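Letter by letter, the chains look like this.
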Amino acid sequence: MGGAGHRPDPDAPLDLAMLRDRYRHEEQALAVLEHATDPRPPTRDHVLALVPIWHDDRTVLIGDAAHPVGAGQGASMAIEDAIVLAQRLATDPVPAALAAYDEARRPRVNRMLKAGADNRARKKAANPVRRRLTDTVMSFGLKHFYDKATGWLYNYDVGELPVTA
Ligand SMILES: Cc1cc2nc3c(=O)[nH]c(=O)nc-3n(C[C@H](O)[C@H](O)[C@H](O)COP(=O)(O)OP(=O)(O)OC[C@H]3O[C@@H](n4cnc5c(N)ncnc54)[C@H](O)[C@@H]3O)c2cc1C
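Values in this document were obtained by computation on a predicted structure and should not be read as measured data.

Looking now at the nonpolar core. Counting 15 residues, the largest nonpolar core has Trp-54, Val-69, Met-77, Tyr-101, Met-112 and Leu-153 as its most contacted members. Those elements giving two or more residues to this core turn out to be α3 (74-91), α4 (96-125) and α5 (128-154). Examining the composition of this core, we find that five residues originate from one element, α4, more than from any other. Setting aside chain neighbours within four positions, we find Leu-153 in contact with Gln-73, Met-77, Arg-108 and Met-112.

What follows is the structure, encoded as structure tokens:
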């Protein structure tokens, strides 16, 4: 293990034999290891592939299943998804409601995904000097521009949950 700032290499080979031995008494963990097609070391930097299709005529993905944002906003996005889906289902029949849900949520979720990716890229690129500089600029920026820069995220009104009779 490394010291502060150590980041595991997500492409490093994984010692499967060691893991099988460590989890030898755990049936479920062993089954997962047995069927893993692309095992990688655990890292908080691993980003799952985008999920381009969120629905068909009868099924819809919401929350992390559709868009793991990895930016400390996943629960918020999942809750918003659920509310918007309920709103669309209250006014449109399936499958139109699922398509309308997708259309309504894409722009905001894509913006969130981009914000998460930008955040990760900034952290990855930062050397100690740059990090110090960023912290200084951020503390100034937070005071002056925070509301403006994050308004799209925090001042968003998703609307009400539909009420059934
Ligand atoms: C350490 C950590 C910190 C986080 N901090 C924040 C934060 O500060 N703010 C924030 O907004 N978000 C945060 N998140 C992200 C947030 O937890 C997720 O984005 C959110 O829980 C996604 O909700 P979900 O309902 O889409 O999925 P989940 O909460 O993962 O729910 C999916 C459910 O489906 C169940 N399930 C899975 N497979 C099956 C199956 N085959 N059959 C039946 N059930 C199944 C699972 O057991 C689970 O209960 C954090 C996540 C982690 C891991």
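Resuming the write-up.
For the rest of this paragraph, the subject is the domain arrangement of the protein. Partitioning the protein into domains gives domain 1 (13-42) and domain 2 (63-154). Between domain 1 and domain 2, the C-alpha centre-to-centre distance is 33 Å.

This part takes up the site of the ligand. Neighbouring the ligand are the residues Gly-63, Asp-64, Gly-72, Gln-73, Gly-74, Ala-75, Ser-76 and Ala-78. Here an oxygen atom of the ligand sits 2.7 Å away from a polar atom, N or O, in the side chain of Asp-64. Gly-72 places a polar main-chain atom, nitrogen or oxygen, 3.0 Å from a nitrogen atom of the ligand. Expressed as a share of its isolated accessible area of 1000 Å², the protein-covered part of the ligand is 22%.

This brings us to the side chain of Glu-80. You can see Glu-80 is positioned in helix α3. Residue classification places Glu-80 among the buried positions, given a relative accessible area of 11%. A distance of 2.7 Å separates polar atoms of two side chains, one belonging to Glu-80 and the other to Arg-108. Setting aside residues no more than four positions away along its own chain, Glu-80 makes contact with Arg-105, Arg-108, Tyr-156 and Val-158.

Attention now goes to the side chain of Asp-81. Tracing the backbone shows Asp-81 in helix α3. Of the polar contacts made by the side chain of Asp-81, one reaches the backbone nitrogen of Gly-63; its length is 2.8 Å. Not counting residues within four places of it along the chain, the set of residues in contact with Asp-81 comprises Ile-62, Gly-63, His-67, Tyr-101, Arg-105 and Val-109.

Within this model, the second largest pocket holds a volume of roughly 450 Å³. Around the second largest pocket sit 22 residues that line it, and His-46, Val-47, Val-69, Gly-70 and Arg-120 are the ones nearest its centre. A breakdown of the residues in the lining of the second largest pocket according to their chemical character gives eleven nonpolar, five polar and six charged.

In a regular helix each residue adds 1.5 Å, so 30 residues correspond to 44 Å; α4 covers 43 Å between its end C-alpha atoms and thus fits that length. At Arg-106, α4 shows its maximal kink, close to 40°; a proline, Pro-107, follows between one and four residues later.

What follows covers the pattern of salt bridges. As enumerated under the stated definition, the model contains seven salt bridges in all. The partner of Glu-80 in a salt bridge is Arg-105, with the nearest N and O atoms 2.9 Å apart. You can see Glu-80 sitting in helix α3 and its partner Arg-105 sitting in helix α4, a full 25 residues away along the chain. Using a relative accessible area of 1% as the deciding quantity, one classes Arg-105 as buried. Close ionic contact of Asp-118 with Lys-114 constitutes a salt bridge, the shortest N to O distance being 2.8 Å. Separated by four residues within a single helix, Asp-118 and Lys-114 lie in helix α4, roughly one turn from each other. One network of salt bridges, with partners in common, ties together Glu-80, Asp-81, Arg-105 and Arg-108.

Rules and cut-offs
- Residue numbers run consecutively from 1 along every chain, following the written order of its sequence.
- Side-chain atom pairs in this predicted model are given and counted only at pLDDT of 80 or more, local residue features only at pLDDT of at least 70, and totals for whole chains, interfaces and linings cover all residues.
- Values reported for side chains reflect all heavy atoms of the structure, with hydrogen atoms and water molecules removed beforehand.
- Residues belong to one nonpolar core when they are buried, are Ala, Val, Leu, Ile, Met, Phe, Trp, Tyr or Cys, and are joined through side-chain atoms within 4.5 Å.
- Burial classes: relative accessible area under 20% of the type maximum marks a residue as buried, over 50% as exposed, and values in between as partly exposed (1.4 Å probe, protein chains only).
- Numbering of helices and strands runs from the N terminus, with a helix taken as a DSSP run of H or I at least four residues long and a strand as a DSSP run of E at least two residues long.
- Contacts between residues were defined by any pair of non-hydrogen atoms, one from each residue, lying within 4.5 Å.
- Domain start and end points were adopted from an automatic or database domain assignment.
- The rule for a residue being near a molecule or strand is that one of its heavy atoms must lie within 4 Å of it.
- Distance and chemistry together define a polar contact, namely a pair of N or O atoms within 3.5 Å, with one atom able to donate a hydrogen and the other to accept it when in protein, and with adjacent residues in sequence counting only for side-chain atoms on both sides.
- Computed with the Shrake-Rupley method and a 1.4 Å probe, the accessible areas treat only the protein chains shown as cover for residues.
- For each structure, a 1 Å grid was placed over the protein atoms alone; sets of points admitting a 1.4 Å probe that cannot get out are labelled cavities, open sets with protein on both sides within 12 Å along at least five of seven lines are labelled pockets, and lining residues have an atom within 4 Å of a point.
- Grid points are joined across faces, edges and corners, and a volume is the space filled by probe spheres set on the points.
- Nonpolar residues are Ala, Val, Leu, Ile, Met, Phe, Trp, Tyr, Cys and Pro. Charged residues are Asp, Glu, Lys and Arg, and all others, Gly as well, are polar.
- Expected helix span is given by 1.5 Å per residue-to-residue step, counting one fewer step than there are residues.
- Each residue is assigned a bend, namely the angle between axes fitted to the seven residues that terminate at it and the seven residues that start at it.
- We define a salt bridge as a contact between a side-chain nitrogen of Lys or Arg and a carboxyl oxygen of Asp or Glu at a distance within 4 Å.

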